[in-house]
Amino acid sequence: MHNFETGKNDNGVLAYVTDWANHDVRTEGMSYGMMIAVQMDRKAEFDALWNWAKTYMYISDPKHPSFGFFSWSCKTNGEPNEETPAPDGEEYFVMSLYFASARWGDGSGIYNYHAQADELLHAMRHRQQIVGPTKFGERDVAAEVDEPHRMIRFVPGAPRRDFTDPSYHLPAFYELWARWCPADDRTFWAEAAQASRRFFLATTDPKTGLAPAYANFDGTPHATRFPQSSIFGFDAWRTASNWSVDWSWWHADLEEPILSDRIQTFFTSQGPDYGEVFTLDGKPTSDHHAPGLVAANAVASLAATDKQQARQFTEALWQLPIPSGHGRYYDGMLYMLSMLHVSGEFRIWTPRQ
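This is a predicted model, so every value here is computed, not measured.

Asker: Got a minute to help me understand the overall build of the chain in this structure?
Answerer: What the chain contains, in helices and strands, is 11 helices and 11 strands. Taking 2.2 N^0.38 as the reference for a compact globule, 353 residues should give roughly 20 Å; the C-alpha atoms of the chain span a radius of gyration of 19 Å, in line with that estimate. Across the 353 residues that make up the chain, the buried fraction comes to 60%. When contacts within the chain are restricted to residue pairs at least 6 apart in sequence, those whose partners lie at least 24 apart make up 62%. Here the chain has roughly 14500 Å² of accessible surface; of this, 51% comes from carbon and sulfur atoms. Separation between the mean location of the 30 positive side-chain charges and that of the 45 negative ones in the chain comes to 2 Å.

What follows is the structure, given as structure tokens:
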């Protein structure tokens, strides 16, 4: 992980992680960077990333439609490219903050990690709908979860908050939130973990195990103008990692090992240099062999029962060159997170008593 320091403010050093291909800073990358930092015991880097996110990405105006959330994309000078959130960033912010509190203890202000996590998690579920102006026009933003379905939304802004992204579903994290968050929300997150486990089975193809990038709350693919929305594309690479980490930590759903065997069997059938984008029934639409997908498929081994096959996927990750060039952001982040997972270095940090 390479983060860039950009000076200091009253809270200390500021630093960001950049998407090299798009020349921006995303909550996805910032929150992934914080998770990597806490797992590797890099407190200074963690604090600098969180300081940058709170300084430039966080919306603190109570009248703003995205109040309590983070602008999902900013320029490297801190100017927003959009003033609405993407919930996968908030999810990883919350989990990394809880782990930081447990590993290092809480400080004050923005470094009171546990309080910051509680506040953000509360907003994710309870933030009331706000309609109002932003720098990019009027926006209509509500909570980041769909309450009746107990599921994370793709985005909380209208008109796109009526569907989800399978790769945003993190039941391994929700189980921890159900234990550590304020008492009034614990039942909700326990139910969300169960809802996501059922959702994985509903949204993946019964033969290939591939999930779509976007899905309706019943698991069916959700098509948008984005060409890869209803097929297995870049977002969807992460879905197998999510159910496999959940199995590794909790062993709560017997379907998850079946899903890992299924998706690894499919990719085995495609040969060692398989492509990166597929229709859900397994037809390739790109022949590029992507490091990020290799990394995610290795994490699927955490739940797989075919150990010989699973070993081939972890070996592919071990032999993978460190991602470079334009792929060093997304592929590189998945590579680093996956290396931590399969090496046993991505762990639960339990709050201090």
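Next, the rest of the story.
Asker: In this structure, what is going on with the pattern of salt bridges? I would like to understand it.
Answerer: Side chains carrying opposite charge are able to pair once their charged atoms draw close together. Under the defined criterion, the tally for this structure stands at 20 salt bridges. Between Asp140 and Arg161 there is a salt bridge, and its shortest N-O distance comes to 3.1 Å. Taken together, the residues span a long stretch of sequence, with Asp140 in strand β7 (residues 137–141) and Arg161 in the loop between β9 (151–152) and α5 (171–180) at a distance of 21 residues. Across the pair, Arg161 and Asp140 agree in class, each one buried. For Asp246, the salt bridge is made with Arg197, and the minimal N-O distance between the two is 2.7 Å. Highlighted residues: Asp246 in helix α7 (residues 239–250) and Arg197 in helix α6 (residues 186–203), separated in sequence by 49 residues. We classify Asp246 as buried; its relative accessible area is 0%.

Asker: Honestly, the packing of helix α3 (residues 87–104) against α5 in this entry has me stumped. Any pointers?
Answerer: Packed helix pairs are specified by the crossing angle of their axes together with the interaxial distance, meaning the distance between the axes. Close contact between α3 and α5 brings their axes to 11 Å; oriented N to C, the two are set at 55°. When the axes of α3 and α5 are compared, the pair comes out oblique. The chirality of how α3 crosses α5 is left-handed. Listed contacts from α5 to Glu91, Tyr92, Val94, Met95, Tyr98 and Phe99 of α3 are Phe173, Tyr174, Leu176, Trp177 and Trp180.

Asker: Just checking my understanding: could you explain the side chain of Glu90 for this structure?
Answerer: Here Glu90 is to be found in helix α3. One buried charged residue, Glu90, forms no salt bridge at all, with the nearest opposite charge on Arg127 at 9.1 Å. Looking at Glu90, its side chain comes within polar contact range of the main-chain nitrogen of Phe70, at 3.0 Å. The residues contacting Glu90, other than those within four sequence positions of it, are Phe69, Phe70, Pro85, Leu120, Met124 and Glu144.

Asker: It is not clear to me how the sheet that holds strand β3 (residues 25–26) should be interpreted in this structure. Could you clarify?
Answerer: Where strands meet in a sheet, backbone hydrogen bonds hold them as pairs that are either parallel or antiparallel. If you walk across this open sheet you meet the three strands as β3-β4-β5, and the pairing is antiparallel. In this open sheet, the two strands that pair with only one neighbour each are β3 and β5 (80–82). Pairing of β3 with strand β4 (residues 73–74), which is carried by two bridges, proceeds in the antiparallel orientation. Considered in β4, the bridge of Val25 is made with Cys74.

Asker: Got a minute to help me understand α7 in this structure?
Answerer: Given 3.6 residues to a turn, an α-helix orients residues that are three or four positions apart in the same direction. Its 12 residues place the ends of α7 17 Å apart at the C-alpha level, agreeing with the 16 Å of an ideal helix rising 1.5 Å per residue. Every buried residue of α7 is accounted for by Thr239, Ala240, Ser241, Asn242, Trp243, Ser244, Val245, Asp246, Trp247 and Trp249. Against the buried residues of α7 lie α3, α5, α6, α8 (255–269), α9 (291–299) and α11 (330–342). At the C-terminal side of α7, His251 shows a positive phi close to 45°.

Asker: What is the right way to read the packing of helix α1 (residues 27–39) against α11 from this model?
Answerer: Taken N-terminus to C-terminus, the directions of α1 and α11 make an angle of 30°; their axes are 11 Å apart at the nearest point. Compared by their axis directions, α1 and α11 come out roughly parallel. Crossing of α1 over α11 shows left-handed handedness. Contacts between α1 and α11 involve Glu28, Gly29, Tyr32, Gly33, Met35, Ile36 and Gln39 from the first element and Tyr330, Met333, Leu334, Met336, Leu337 and Leu340 from the second. When the residues that make up the contact of α1 with α11 are grouped by side-chain class, the tally is nine nonpolar, three polar and one charged.

The rules behind these values
Counting restarts for each chain: residues are numbered from 1 in the order of the written sequence. The model is predicted, so local features are restricted to residues of pLDDT at least 70 and side-chain atom pairs to those at 80 or more, both for listing and for counting; the totals for chains, interfaces and linings are taken over all residues. Hydrogens are left out, water is left out, and the side-chain values use all remaining heavy atoms of the structure. Here a helix means four or more residues in a row that DSSP labels H or I, a strand means two or more in a row labelled E, and each is numbered from the N terminus. With C-alpha atoms as the basis for the radius of gyration, the globule rule is written as 2.2 Å multiplied by the number of residues raised to the power 0.38. For each residue, the accessible area found with a 1.4 Å probe, counting protein chains only, is set against the maximum for its type, and the residue is called buried under 20%, exposed over 50%, and partly exposed in between. Note on contacts: a residue pair is in contact if any heavy atoms of the two residues lie within 4.5 Å. Accessible surface is estimated by sampling points in the Shrake-Rupley manner with a 1.4 Å probe; for residues, cover comes only from the protein chains shown. Note on charges: Lys and Arg go in the positive column, Asp and Glu in the negative column, and His and the chain ends are not counted at all. Here the site of a charge means NZ on Lys, CZ on Arg, CG on Asp, or CD on Glu. Any Lys or Arg side-chain nitrogen located within 4 Å of an Asp or Glu carboxyl oxygen qualifies as a salt bridge. Every axis in this analysis is a line fitted to C-alpha atoms, fitted for helices over the stretch in contact. Angles between the N-to-C directions lie between 0 and 180 degrees. We call two directions roughly parallel when the angle between them is under 35 degrees, roughly antiparallel when it is over 145, roughly perpendicular when it lies between 65 and 115, and oblique otherwise. Put simply, a crossing is left-handed when the front helix is turned counterclockwise from the back one by less than a right angle, and right-handed when it is turned clockwise. Side-chain atoms alone can form a polar contact between residues adjacent in sequence; in general such a contact is a pair of N or O atoms within 3.5 Å, and within protein one must be able to donate a hydrogen while the other accepts it. The pairing criterion for strands is at least two bridges between them, as found by DSSP. Here, expected helix span is obtained from the residue count minus one, scaled by 1.5 Å. For this scheme, ten residues count as nonpolar: Ala, Val, Leu, Ile, Met, Phe, Trp, Tyr, Cys and Pro. Four count as charged, namely Asp, Glu, Lys and Arg, and the remainder, Gly too, count as polar.

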